[in-house]
Amino acid sequence: MAAASHGASKKTKLIGDDGGGLGGSGTGASDSGDDGGMTGTPGLHHSVVVRNEMCFFCFDVLFCHINNCDPPKCPPTISNDSYPLFVTWKIGRERHLRGCIGTFSATNLHGGLAEYAVTSATRDSRFSPITKAEFPRLHCSVSILIKFEEAKNYLDWQIGRHGIRIEFQNERGHKRIATYLPEVASEQGWDQVQTIDSLLKKGGYRGLITAELRQSIKLTRYQSEKVTVSYAEYVARGRNGVSSNHVGYSSTSSPLPASRTVVLPATSGLHHHGRHRGLFSGIRHHQRS
């Protein structure tokens, strides 16, 4: 199924490559805000949407999902306005990509963060679902997408400033859509043509990439506000010790902070609701950046 454009009524989900999964911090240039760990697209002013609490909430949601407990409520400090968004999970000191899924459709943040915290961790078709054992090694990023603009051509965007979404026809004449978040090209050291060619391949194009094909691309550029939080920062947020009522962790591992203690019920809380896997080679409901 072809992805809907930004602002369409039908929610489109994208499986993403936040940093290409090749390591690195996965964050953009430093934002002027004082909310620790906050990053943003160069040229943006102080962030008014993204905040660390969004990542803390995503950690809470994923913890409850993998431990079959009732999902937490989104804290009132997080806006419930509607934005396109992506949730990214990376793992370990090298921060290898572990999952990244989001949507270009404006989505209420409370529900969107809860949905994509789980979907990106469990339904990214490139990876197996994140496990309990991996949870203490995770890093979570939330990207809020803003300032969508239709580009004049496939080169009408800036590396390090813009994310790009391309629409094109594959060698069989089928419409395909693919996207990279703003930080990907600069992290990989690509120029604009290399980025476009990589994105075409990620989108499932298997033929010879020509200048004519590049010129035929419909490109939308956008910017993002982004915040990244590590598991250690998530635990430190509690500051009052840790919960003894946790599942799947030994006494030597770092469980859920006390400030977010979860009472585990006998039945599972958060479930999938028939979500489809997403592939670059045939955009359906999930898409990757």
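Cut-offs used in this document
Residues numbered from 1 in each chain as written. Predicted model: local features only at pLDDT ≥ 70, side-chain atom pairs only at ≥ 80, totals over all residues. Heavy atoms only, no water. Helix = DSSP H or I, 4+ residues; strand = E, 2+ residues; numbered from the N terminus. Areas by Shrake-Rupley, 256 points an atom, 1.4 Å probe, with all protein chains shown as cover. Phe/Tyr/Trp six-rings, centres within 6.5 Å; stacked < 30°, edge-to-face > 60°. Buried < 20%, exposed > 50% of the residue type's maximum accessible area, 1.4 Å probe, protein only. Lys NZ or Arg CZ within 6 Å of the ring centre and 35° of its normal. Pairing = 2+ DSSP bridges. Polar contact = N/O pair within 3.5 Å; in protein donor to acceptor, adjacent residues only side chain to side chain. Contact = heavy atoms within 4.5 Å. Disulfide = S-S within 2.5 Å. Salt bridge = Lys/Arg side-chain N within 4 Å of Asp/Glu carboxyl O.

Draft legend 1. Structural context of the overall build of the chain. Of the regular secondary structure elements, the chain holds six helices and 10 strands. For the chain, the accessible area works out to roughly 12500 Å², and carbon and sulfur atoms hold 47% of it.

Draft legend 2. Molecular detail of the packing of aromatic side chains. Using the criterion set out here, one finds 14 aromatic pairs in the structure. Geometrically, the ring pair formed by phenylalanine 59 and phenylalanine 135 is edge-to-face, given 5.7 Å between the ring centres and 90° between the ring planes. A residue pair is termed long-range when its members are at least 10 positions apart, and phenylalanine 59 in helix α1 (residues 52-66) and phenylalanine 135 in the loop between α2 (109-122) and β6 (138-150) qualify at 76 residues. Residue classification places phenylalanine 59 among the buried residues on the basis of a relative accessible area of 0%. Of the residues examined, phenylalanine 135 reaches a relative accessible area of 1% and is grouped as buried. Ring geometry for tyrosine 180 and tryptophan 190: centres 5.6 Å apart, planes at 40°, overall tilted. With tyrosine 180 in strand β8 (residues 175-180) and tryptophan 190 in the loop between α3 (184-188) and α4 (192-202), the pair connects residues that are 10 residues apart, well separated along the chain. By the ring-pair criterion, three or more aromatic residues cluster together here, those being Phe59, Phe63, Trp89, Phe135, Tyr231 and Tyr234. Positioned above the aromatic ring of phenylalanine 104, the side-chain terminus of arginine 165 is 4.9 Å from the ring centre.

Draft legend 3. Broad picture of the pairing of strand β4 (residues 82-91). Of all the 10 residues making up β4, eight are buried; the element is thus mostly covered by neighbouring parts of the structure. Direction of pairing for β4 relative to β6: antiparallel, over a ladder of seven bridges. The residue of β6 that forms the bridge with isoleucine 91 is leucine 138.

Draft legend 4. How the structure looks around the side chain of serine 120. Note on placement: serine 120 falls in helix α2. A polar atom in the side chain of serine 120 sits 3.1 Å from the side chain of tryptophan 89. Discounting residues that sit within four places of it in the chain, serine 120 has contacts with Val87, Trp89, Arg98, Gly99, Cys100 and Ile101.

Draft legend 5. Looking closely at α4. Of all the positions in α4, only Thr195, Ile196, Asp197, Ser198, Leu199 and Leu200 are classed as buried. Near the N-terminus of α4, the side chain that reaches the backbone nitrogen of valine 193, with its oxygen 3.2 Å away, is that of aspartate 191. Of the residues trailing α4, glycine 204 is marked for its positive phi of about 100°.

Draft legend 6. The environment of histidine 65, seen in detail. Looking at where histidine 65 falls in the secondary structure, it is placed in helix α1. By relative accessible area, which is 14% here, histidine 65 ends up buried. Considering only alpha carbons, one finds histidine 65 and alanine 117, 52 residues apart in sequence, at a separation of 9.6 Å.

Draft legend 7. Local environment of the state of the cysteines. Tallied over the entire structure, the rule returns zero disulfides. Left unpaired, cysteine 140 is separated from the closest cysteine sulfur, that of cysteine 55, by 4.1 Å.

Draft legend 8. Structural context of the pairing of strand β9 (residues 218-230). For β9, the tally of buried residues reaches 12 of 13 residues, placing the bulk of the element in the interior. Relative to β9, β6 is paired through 10 bridges, and the arrangement is antiparallel. Within β9, the residue paired with glutamate 150 across the bridge is threonine 220. Bridge count for strand β7 (residues 163-169) against β9 is five bridges, and the pairing is antiparallel. When the sheet's bridge partners are listed, isoleucine 164 is paired in β9 with arginine 221.

Draft legend 9. Main features of unusual backbone geometry. If you check the backbone angles, asparagine 68 has positive phi at about 55° while not being a glycine. Locating asparagine 68 in the fold gives a position in the loop between α1 and β4. Even without being glycine, lysine 147 reaches a positive phi, approximately 55°. Here lysine 147 lies in strand β6.

Draft legend 10. Spotlight on the pattern of salt bridges. Tallied over the full model, the rule gives 10 salt bridges. Of the charged contacts, one joins lysine 175 and glutamate 167 as a salt bridge, the two residues approaching to 3.4 Å between their closest N and O atoms. For lysine 175, a relative accessible area of 41% corresponds to the partly exposed category. For glutamate 167, a relative accessible area of 13% puts it in the buried group. Taken together, the salt bridges that share partners define one network made up of Arg51, Glu53 and Arg237.

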